[in-house]
Amino acid sequence: MAGDKIFDDELLSRCMSCGFCLPSCPTYRLTGEEASSPRGRITLMRAVQEDRLDVTDPTVLAQSEFCLGCRACEPVCPAGVQYGQLLEQWRDTEWQGRRRPLLARGLLAMMSFVGMVGITLLGLVRRAAVTRRGTEAEPHLMLGCVERVLYPKVSRSARRLVPALRAPAVQGCCGALHAHNGESERGRRLARRLGRRLPGTIVTTSGGCSAHLTAELGADRVVEFSAWIAAGNGPDPAQLRAIMLDENGEPLPPHASGGRPARIGLQDSCHLRNAVGVWREPRELIARLGEYVEVPDAGGCCGAAGSYSVLRPADSRAVLAPKLDALAGLDLDYLAVVNPGCYRQLAGALKGSRTRVVHLAELLATAAPS
Ligand code: SF4
Ligand code: SF4
């Protein structure tokens, strides 16, 4: 990036304003307004870059906050616009000082604290963590700041499924939330530190962390859990089937429901699908456990979007609403997730319904031999 420019000119110039991305954008779908589309936001970025608009302009600020950062605009873009990078560059400038949403400041401070103390003070997670650091030859499980606090059972399930996974207690934060909230350099530093603490292959159970770590450390070091299992690590898929079905081919509890195979859907993680390209693997694994049911627009954001559901709860609920409508007609036993933000969002929304929200690692662990 040259001089005091906010955006990388080469990245910014790729957009040819074709509008292919508009239908995939959840905020554009909500408003129908050009300004809240990927193309509209890139137009705003160009105006800022060329000093036709200031970063304090109300529309510029509002759109930098309204964007979910889901990156659904990337895979559909024929010009290969790397919108996620542009958004990080935008917020690095836009979200400084008092312009950064107040809650985002608090959230980043909390993440830094969790990263600083590692997980040694969090007894909930101690059961999932082993203190000894492994070697480069041993795969390491990343515990994740949010997941380690809210859903420690995900890490426990992953380790139950693959006991060879090392999970050292002191890991720190991967920096994904920092990168998404105007502190991308700090996000990079945290990712590199985590890379040093977890040598060799890093296995993640959080789509958001997976995308950030892959971008910073490389796809040769970082692999998401479902992709790792589908690639032949962990239990043999044939074993899973044997555990799940009785001698008559009937599903066994808890996945059986009324004597039929459990109906299991999946909510994609935006970052895992759009940035890392992992979407087929979790579906293949689920199909071994029960009846896989494709959720309409499963790749569309559920509104969790990292810190978005905390920063903008009303917009988050509006993005979630059509997904809940779609889920209502599916009669699912389980809705599998691969990201803690989606877990929190959907478990809260589906509380009291017959559909149980579970992380895919949990679902697999109940199918695997203990
Ligand atoms: S971001 Fe891509 S799809 Fe969207 S308008 Fe620009 S070139 Fe077209
Ligand atoms: S990141 Fe998501 S919300 Fe933001 S412009 Fe792209 S598709 Fe729209």
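For the structure, check the block above.
Residues numbered from 1 in each chain as written. Chains lettered and ligands numbered in written order. Predicted model: local features only at pLDDT ≥ 70, side-chain atom pairs only at ≥ 80, totals over all residues. Heavy atoms only, no water.

A. Summary view of the sheet that holds strand β2 (residues 202–204). Taking strand neighbours across the sheet as the criterion, the 3 strands line up as β1-β2-β3 in an open arrangement whose pairing is parallel. Looking along the sheet, the strands with just one partner apiece sit at the ends: β1 (140–141) and β3 (222–224). Two elements, β2 and β3, share 3 bridges in a ladder whose sense is parallel. For T204, the partnering residue across the bridge sits in β3 and is E224. (Pairing = 2+ DSSP bridges. Helix = DSSP H or I, 4+ residues; strand = E, 2+ residues; numbered from the N terminus.)

B. Representation of the site of ligand 1 in the model. With respect to spatial proximity, 13 residues lie near ligand 1, and among them C15, C18, G19, C21 and C77 are the closest. Split into classes, the residues belonging to the shell around ligand 1 amount to 10 nonpolar, 2 polar and 1 charged. (Near = heavy atom within 4 Å. Nonpolar A, V, L, I, M, F, W, Y, C, P; charged D, E, K, R; others polar.)

C. Quick peek at the side chain of E94. Looking at the secondary structure, you find E94 in helix α5 (residues 83–94). Taking relative accessible area as the criterion, E94 reaches 0% and is therefore assigned buried. In contact with E94, other than residues within four places in its own chain, are V55, V60, L61, S64 and R99. (Buried < 20%, exposed > 50% of the residue type's maximum accessible area, 1.4 Å probe, protein only. Contact = heavy atoms within 4.5 Å.)

D. Representation of the site of ligand 2 within the structure. Around ligand 2, a shell composed of 13 residues is seen, among which C25, C67, C70, R71 and C73 lie nearest. When contributions to the shell around ligand 2 are tallied by element, the ones reaching two or more residues are α2 (26–31) and α3 (38–49). Within the shell around ligand 2, the residues separate by chemical class into 9 nonpolar, 2 polar and 2 charged.

E. Examining the packing of α3 against α5 more closely. In contact at an axis separation of 12 Å, α3 and α5 are set at 45° when each is read in the N-to-C sense. The angle between α3 and α5 falls in the class oblique. Here α3 and α5 pass one another in a crossing that is left-handed. Together, P38, R41, I42 and M45 of α3 and Y83, L86 and W90 of α5 make up the contact between the two elements. (Axes fitted to C-alpha atoms, helices over the stretch in contact; angles between N-to-C directions. Parallel < 35°, antiparallel > 145°, perpendicular 65-115°, else oblique. Left-handed = near helix turned anticlockwise from the far one by under 90°.)

F. How the structure looks around the packing of α3 against helix α4 (residues 58–66). Between α3 and α4, the shortest axis-to-axis distance is 11 Å and the interhelical angle comes to 135°. As summarised for this structure, α3 and α4 are arranged oblique, according to the angle between their axes. α3 and α4 meet at a crossing whose hand is left-handed. Mapping the contact onto sequence places R41, L44 and V48 in α3 and T59, V60, Q63 and F66 in α4. When grouped by side-chain class, the residues that make up the contact of α3 with α4 number 4 nonpolar, 2 polar and 1 charged.

G. View of the nonpolar core. Formed by 50 residues in total, the largest nonpolar core has its most connected members in F225 and L346. The element that contributes the greatest number of residues to this core is helix α20 (residues 360–367), accounting for 6 residues. With near-sequence residues (within four places) excluded, L346 lies in contact with Q267, C302, L320, L327, L335, V337 and V357. Among the nonpolar cores identified, the runner-up in size contains 21 residues, and V48, V55, L87 and W90 belong to it. (Core = buried A, V, L, I, M, F, W, Y, C linked by side-chain atoms within 4.5 Å.)

H. Structural view of α5. Spanning 12 residues, α5 covers 16 Å between terminal C-alpha atoms, matching the ideal 16 Å at 1.5 Å per step. Most of α5 is tucked away: 9 of the 12 residues are buried. Here α5 has its buried residues at Y83, G84, L86, L87, E88, Q89, W90, R91 and E94. (Expected span 1.5 Å × (residues − 1).)

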